[in-house]
Amino acid sequence: MAEADLDAVIRQTAKAQTKAVMAAAKKRQAVWVTRAAKAKDKETKARFRFLAKSTMMNATATAKRLQNSAENAADAYARAMKKAMEEPPPAKKPAKKKADG
C-alpha cells in the first residue's frame, strides 16, 4: 500500500468504519429485539421494538454522514493534489556570497 493514493486510503478507512458502525448497530438492535420478545406487557414490547427500529435508523444516518464526510475529504485531497501538480515549483533563492575581508 506504499504506492496507494491517500484519497483511496481515506475512502477505504471510511468504508471499514461504516461497516463497524453498522455491525455494532445490528448487535444493539438484536439486544432490543430480544428484550421485546421477553417483555411481559404490550407497552414495554412496543417501547423495545421502537428502540430497535430507532437504533437502525440512527446508525444508518450516522454511517451515511461518515461516508459523505470521507468522500468530501478524499475529493478535497485529490483536488488539492491535482492543483499542486499543475503549479510550477517554487523558485530557488540565489545563494548569498560571503564578503572577504
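Please refer to the structure placed before this passage.
Summary of the structure given here. All values derive from a computational prediction rather than experimental measurement. (Residues numbered from 1 in each chain as written. Predicted model: local features only at pLDDT ≥ 70, side-chain atom pairs only at ≥ 80, totals over all residues. Heavy atoms only, no water.)

## Some details on the overall build of the protein
Reasoning step 1: What the protein contains, in helices and strands, is two helices and zero strands.
Reasoning step 2: Excluding contacts between residues fewer than 6 apart, the proportion of contacts in the protein whose partners are at least 24 apart in sequence is 67%.
Reasoning step 3: When the accessible surface of the protein is summed, it comes to about 8,700 Å², and 58% of that surface belongs to carbon and sulfur atoms. (Helix = DSSP H or I, 4+ residues; strand = E, 2+ residues; numbered from the N terminus. Contact = heavy atoms within 4.5 Å. Areas by Shrake-Rupley, 256 points an atom, 1.4 Å probe, with all protein chains shown as cover.)

## Overview of the environment of A59
Reasoning step 1: By the element assignment, A59 lies in helix 2 (residues 42-86).
Reasoning step 2: For A59, a relative accessible area of 9% translates into the label buried.
Reasoning step 3: The sequence separation of A59 and T18 amounts to 41 residues, and the corresponding C-alpha distance is 9.3 Å.
Reasoning step 4: Here A59 is in contact with V21, M22 and A25, once residues within four sequence places are set aside. (Buried < 20%, exposed > 50% of the residue type's maximum accessible area, 1.4 Å probe, protein only.)

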